[in-house]
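Listed below are the residues making up each chain.
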Amino acid sequence: MEKETSQPHIPELFLKPYDPKASEDAIYQLWETSGYFDPNVCIEKGVTEPDAEAFSIVMPPPNANASLHAGHALFVTIEDIMIRFERMRGKRALWFPGSDHAGFETQVVYEKKLEKEGRSRFDLTREELYKEIYAFVQENKASMENQVRSLGASCDWNRELFTLDDRVIKIVYDTFKKLGEDKLLYRGNRTVNWCPKHQTSFSNLEVEHIDRTDKFYYFQYGPFVIGTARPETKFGDKYVVMHPDDERYKQYEHGQKIELEWINGPITATVIKDEAGDPEMGSGVMTITPWHSNIDFAIAQRHNLDYEQIIDWRGKLLPIAGEFSGMNITEAREKIVEKLKEKGLLVKVEEDYQHSVPCCYKCNREIEPQIKEQWFVHMKPLAEKALAALDQERFTFVTDRDQRVFRHWLENIEDWPIARQIAWGIPIPAKICTECGHGMVDLDNRIENCSECDGAVEQDPDTFDTWFSSGQWPLAVTDFPDGDDFKNYYPTSVMETGKDIIFFWVARMIMLGLYRADEVPFKKIYLHGMVRDKKGLKMSKSKGNVIAPSEIQDRFGTDALRMGLIVNNVPGTDMNLDPDKVNAYKKFANKVWNISRFVIDATHDMQTGATYTTEDAGNIQDALWANVDAITRHMDDDRFDIASEKLYHFVWDYFASELIEESKSLLQSEDAAVRASRQRLLNEYLITSLKLLHPFMPFVTEAIWQELPAHLKEDERDLLMVAKWPHS
RNA sequence: GAGCGAUUAGCUCAGCUGGUAGAGCGCUACAUUGACAUUGUAGAGGUCACAAGUUCAAGUCUUGUAUCGCUCACCA
């Protein structure tokens, strides 16, 4: 108390350490109600020139069903730094927020919830399930948005969009129709990656390959020996394939029939000569199961062979398996081997066969390739446009190693199965013929009869892969094709997102953006790495090492979290989030707080219009502006990791430790000109430091700004968030 | 199987176009009513994975080796 009365020049707030919790919410409200998140308001209020350059970012919409994790905190921080920086530099800065229905992801979450309640998704109709999930998501959406606010995101909430809003659906439907008209859409009867648990197909990207050691069996198949890791698929194998040039088998003719004894009795096998048979592999002979293998399907297509389903959609054997019918495949495997052994057809078993098995990325169960007729998009033409745009540098990567991976993927692109057999998503606007299976795009629900066979039609029960609609997100957000935002902000400036979704999302946005708008959706791609725990381990619930951003914010403050996520975090590399590191920046926030307190006190009797001594004038040039320029340059290069570190040292080691220390004696000088010059210098340093720090630590800097006595911020704006970037 | 990346202080990591190493945390000692104990000062600690090469000079460029990680992939 004694202290307080002895320092009358200092606002009371500064007499205590900085308390983030006490002010963060109010500060955010101040920003949001000011309207400055919207560049049009900035123009109206005269803080931005009407003809200023545009700078825009489309936020990767967080999943509306869950709380934010550390990865969200990272992207919010990086993007907010970019937006605040450019806004302060006078650009028309606009950040589009959104939220994602996250199709399959959310449905899985909801199914788990149902399971806990003793219910199952299969008890509900698709309409019922959709309605339930919709309600569930709406409930969580608001909480997710408030977490984004709490991180300081200066995005324009008036422009927020949900991925199931009408505007999105309209664009997605138009794209679907256009793809059909342009012959880029087809219904293929092809192998898909089928998850027997989730009852849906996946694109290749959603399949995870897990290394495993299994048994590998060799069976006598007539005169041949064949090898397989999956005996349970072998019931229908009636083709035996070998390389045409394999000398060992030259006495067999292509198409030759061979009678042989197999699992459930005698069968007739047909010899197929195909280049796919690898003479080096095992005996050089294989049988094929086209329904349940991509490679076998390709061979079957080449030779026009029959194929038959062996395993049903639930992973159980069909009647073709005879006595094994109805069994689960894993259960059946050993029994089938046992039977073949009894029949004397088991040649040998290798115990340690190492291979990688395709699995569902969600449940890790083995993917069962199945043949299913569904919608595919021809990707080659779309990829070629994207590659051309890359060659012309119409978009660039901040980290060029990502560009190589990106290019490689586009050059080897495969067709995209865009249908998912789940309820939670955008329904595919199409009719399917109940007689011939023909599919017809039908946006207006007008088609009543099959265009091929005139048979009856029914609504396609499937929904779009969530990435199909996400891939058109920048178009939807900017209101393609006629919206003002599309005209003013498309292509957007930067796409900042996790490097784990470069193919899922970034590549598709580019391809679909080019396809619909004939222009890339963004000019620069900044891919951040993953956030891990302090030991570098991936955060997961099972490991118990998940760090919730809100927890860190509570302990250290949002600004400290933001700095902890940014400093030394090199673009594109994974980073470890260590609470001790965040704590260091909590101390830093307090340091800035106390620097301000010192300067306020030291300048309380400052004369306006003081001139610099030659020494102080030199300091401004050589130290202050030199540092500002260096930091600005790093930010221009997207090296926020370096900029923030330099800034930290500039403020602490130079401004506080050197400048303020030497000022203590200078402020006592008998020469009034020296004192006045010093006061002005401290003023300049404080204002400049707060501005530089603001993109990184918006809360504490704005809180200080609001408390600053008027004489320290002459000619400055009411909110730091729209203050002019120094020395530019 | 292919591609990419990493290997620098006890821990987590920076180090751009080559000139005898830096940060945060941690550790040691001392200081302190004076903006700030969320402080200050001083200090210990590294043959920059290994080997060879280019160079007057190499964490920094080249090649190879080892270990680790990530991504992609239809090998029966």
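For every chain, the first residue of its written sequence is number 1, and the numbers climb from 1 along that sequence. A letter from A marks each chain and a number from 1 marks each ligand, given out in the order of writing. It should be noted that, the model being predicted, local features are given only for residues of pLDDT at least 70 and side-chain atom pairs only at 80 or more, the latter also being counted only at that level, while totals for whole chains, interfaces and linings use all residues. Only hydrogens and water are removed before side-chain values are computed, so all heavy atoms of the structure are retained for them.

Asker: What should I look at first to understand the overall build of chain A in this one?
Answerer: Helix and strand content of chain A: 22 helices and 25 strands. Residue exposure (1.4 Å probe, protein chains only): buried if accessible area is under 20% of the type maximum, exposed if over 50%, otherwise partly exposed. When the 728 residues of chain A are sorted by exposure, 56% land in the buried category. Of the contacts formed within chain A by residues at least 6 apart in sequence, a portion of 76% connects residues at least 24 apart. Here the accessible surface of atoms and residues is derived via Shrake-Rupley with a 1.4 Å probe, and residues count as covered only by protein chains that are part of the display. If you sum the accessible surface of chain A, you get close to 31400 Å²; carbon and sulfur atoms cover 46% of it. His is not counted, nor are the chain ends, whereas Lys and Arg count as positive and Asp and Glu as negative. Charge coordinates come from a single atom per side chain, which is NZ of Lys, CZ of Arg, CG of Asp or CD of Glu. The distance from the centre of the 87 positive side-chain charges to the centre of the 121 negative ones in chain A is 2 Å. The secondary structure listing takes helices from DSSP runs of H or I that are at least 4 residues long and strands from runs of E that are at least 2 residues long, numbered from the N terminus. Any two residues whose heavy atoms approach within 4.5 Å at even a single point are treated as in contact.

Asker: Where do I start with the side chain of Arg 508 in this structure?
Answerer: Among the secondary structure elements, Arg 508 is positioned in helix α15 (residues 502–517). When sequence neighbours within four positions are dropped, the list of residues in contact with Arg 508 reads Ser 203, Leu 205, Trp 409, Trp 416, Trp 467, Gly 471, Phe 503 and Gly 513.

Asker: So what exactly am I meant to see when it comes to the packing of aromatic side chains here?
Answerer: Working definition: an aromatic ring pair is given by the centre-to-centre distance plus the angle between the planes. Each Phe, Tyr or Trp ring (for Trp, its six-membered ring) is paired with any other whose centre lies within 6.5 Å, and the angle between the two planes then decides the class: stacked below 30 degrees, edge-to-face above 60, tilted in between. The final tally for this structure, using the stated rule, is 48 aromatic pairs. A ring pair is formed by Tyr 134 and Phe 162, whose centres lie 6.4 Å apart and whose planes are at 75 degrees; its orientation type is edge-to-face. Of this pair, Tyr 134 sits in helix α6 (residues 126–150) while Phe 162 sits in strand β4 (residues 161–162), placing them 28 residues apart in sequence. Note on Tyr 134: relative accessible area 32%, which makes it partly exposed. Ring geometry for Phe 219 versus Trp 262: centroids 6.2 Å apart, planes at 80 degrees, classification edge-to-face. Here Trp 262 lies in strand β10 (residues 257–262) and Phe 219 lies in strand β7 (residues 207–221), a separation of 43 residues in the sequence. We classify Trp 262 as buried; its relative accessible area is 2%. We count a charge as sitting over a ring when the NZ of a lysine or the CZ of an arginine lies within 6 Å of the ring centre and within 35 degrees of the ring normal. Against the face of Tyr 36 rests Lys 45, its NZ or CZ located 5.1 Å from the ring centre.

Asker: Explain unusual backbone geometry to me, please; I cannot follow it from the model alone.
Answerer: With glycine set apart, most residues show a phi of negative sign, and most peptide bonds adopt trans. Note the cis peptide between Phe 480 and Pro 481, where omega equals 0 degrees. Here Pro 481 is to be found in the loop between α13 (473–477) and α14 (484–489). At Asp 518, a residue that is not glycine, the phi angle is positive and equals roughly 60 degrees. Structurally, the position occupied by Asp 518 is in the loop between α15 and β23 (522–528). Despite not being glycine, Asp 638 has its phi angle at roughly 60 degrees, a positive value.

Asker: Could you clarify how one ought to interpret the pattern of salt bridges in this entry?
Answerer: Where charged atoms from two side chains of opposite charge approach closely, those side chains can pair. Whenever a carboxyl oxygen of Asp or Glu lies within 4 Å of a side-chain nitrogen of Lys or Arg, that contact is scored as a salt bridge. Evaluated as defined, the whole model comprises 52 salt bridges. The shortest N-O distance in the salt bridge between Glu 366 and Arg 212 comes to 2.9 Å. Here the residue Glu 366 occupies a position in the loop between β13 (346–360) and β14 (368–377), and Arg 212 occupies one in strand β7, the gap between them amounting to 154 residues. With a shortest N-O distance of 3.0 Å, Lys 691 and Glu 716 are connected by a salt bridge. Of the two residues, Lys 691 is situated in helix α21 (residues 672–693) and Glu 716 in the segment after α22 (698–707); the sequence distance between them amounts to 25 residues.

Asker: Looking at this model, I keep getting lost on the packing of helix α4 (residues 70–88) against helix α17 (residues 558–566). Mind explaining?
Answerer: When two helices pack together, you describe them by how their axes are tilted relative to each other and by the distance separating the axes. Think of each axis as a best-fit line through the C-alpha atoms, taken over the contacting stretch in the case of a helix, with angles from 0 to 180 degrees between the N-to-C directions. The N-to-C vectors of α4 and α17 enclose an angle of 95 degrees; their axes lie 9 Å apart at closest approach. The angle between α4 and α17 places the two elements in the roughly perpendicular class. Residues Ala 73, Leu 74, Thr 77, Ile 78, Asp 80, Ile 81 and Arg 84 of α4 lie in contact with α17, whose contacting residues are Leu 561, Arg 562, Leu 565 and Ile 566. Polar here means any residue outside two lists: the nonpolar Ala, Val, Leu, Ile, Met, Phe, Trp, Tyr, Cys and Pro, and the charged Asp, Glu, Lys and Arg; Gly therefore counts as polar. Its residues placed into classes, the contact of α4 with α17 shows seven nonpolar, one polar and three charged. Should an angle fall under 35 degrees it is called roughly parallel, over 145 degrees roughly antiparallel, and 65 to 115 degrees roughly perpendicular, with every other angle called oblique.

Asker: Looking at this structure, I do not really get the sheet that holds strand β5 (residues 185–195). What am I missing?
Answerer: By definition, the strands of a sheet pair up through backbone hydrogen bonds, in either a parallel or an antiparallel sense. Only when DSSP finds a minimum of two bridges between them are two strands counted as paired. Pairing is antiparallel across the open sheet formed by four strands, whose spatial order is β6-β5-β14-β16. The open sheet has two edge strands with one neighbour each: β6 (200–202) and β16 (416–417). Bridging between β5 and β14 involves ten bridges; their strand directions are antiparallel. Across the sheet, Tyr 186 pairs through a bridge with Phe 376, a residue of β14.

Asker: Mind showing me how you'd approach the protein's contact with RNA strand B here?
Answerer: Throughout, near means a residue has at least one heavy atom within 4 Å of the molecule or strand. Taken together, 42 residues lie near RNA strand B, and Asp 278, Met 286, Tyr 353, Asn 576 and Trp 652 sit nearest. Backbone atoms, meaning sugar plus phosphate, form 63% of the atoms of RNA strand B positioned within 4 Å of the protein. At 2.6 Å, a backbone N or O of Asp 278 approaches a base nitrogen of RNA strand B. A distance of 3.1 Å separates a base nitrogen of RNA strand B from a polar backbone atom of Asn 594. The biggest single contributor to the surface near RNA strand B is helix α18 (residues 579–602), with ten residues. Here a polar contact is taken to be a pair of N or O atoms separated by no more than 3.5 Å, where protein atoms must pair a possible hydrogen donor with a possible acceptor and residues adjacent in sequence count only if both atoms sit in side chains.

Asker: Where do I start with the side chain of Ser 154 in this structure?
Answerer: Position of Ser 154 among the secondary structure elements: in the loop between α6 and β4. Residue classification places Ser 154 among the buried positions, given a relative accessible area of 0%. Apart from the residues within four sequence positions on either side, Ser 154 is in contact with Phe 37, Asp 80, Ile 83, Arg 84, Arg 87 and Trp 95.

Asker: In this structure, what is going on with α22? I would like to understand it.
Answerer: An α-helix turns once per 3.6 residues; consequently, residues spaced three or four apart project the same way. Counting buried residues in α22 gives eight out of ten residues, a clear majority hidden from the surface. Looking at α22, one finds that the buried residues are Pro 698, Phe 699, Val 700, Thr 701, Glu 702, Ala 703, Ile 704 and Trp 705. Where α22 is buried, its residues meet α2 (20–34), α4, α6, α17, α18 and α21.

Asker: Is there a simple way to think about the sheet that holds β13 in this case?
Answerer: An order of β8-β7-β13 is seen for the three strands of this open sheet, with the pairing classed as antiparallel. Pairing within the sheet leaves two strands with one partner each, and these edge strands are β8 (224–228) and β13. Direction aside, the axes of adjacent strands within the sheet are offset by 25 degrees on average. Pairing between β7 and β13: twelve bridges, direction antiparallel. From the neighbouring strand, Asp 214 faces β13, where its bridge partner is Tyr 353.

Asker: What should I look at first to understand α4 in this one?
Answerer: Between its terminal C-alpha atoms α4 stretches 27 Å, which fits the 27 Å expected from 19 residues at 1.5 Å a residue. A positive phi of about 95 degrees marks Gly 90, the residue just after α4. Helix span is expected to be 1.5 Å times the residue number reduced by one.

Asker: Is there a simple way to think about the environment of Ile 501 in this case?
Answerer: Relative to the elements of secondary structure, Ile 501 occurs in the loop between β22 (492–498) and α15. Remark: the alpha-carbon pair of Ile 501 and Leu 205, spanning 296 residues in sequence, is separated by 9.8 Å.

Asker: Quick question: what am I supposed to make of the pairing of strand β18 (residues 430–433) here?
Answerer: Walk down a regular strand and you will see the side chains alternate between the two sheet faces. By the alternation rule, side chains of β18 split into Ala 430 and Ile 432 and Lys 431 and Cys 433, which are all buried. Of the pairings in the sheet, the one linking β18 to strand β19 (residues 439–441) comprises three bridges and is antiparallel in character. Bridge pairing in β19 places Ala 430 opposite Val 441. Taking the residues that link successive antiparallel strands as the turn, the β18-β19 hairpin has five residues, and the phi of Gly 437 there is positive, at about 80 degrees. Alignment of β18 against strand β20 (residues 457–459), held across three bridges, turns out to be antiparallel. Across the sheet, Lys 431 pairs through a bridge with Gln 459, a residue of β20.

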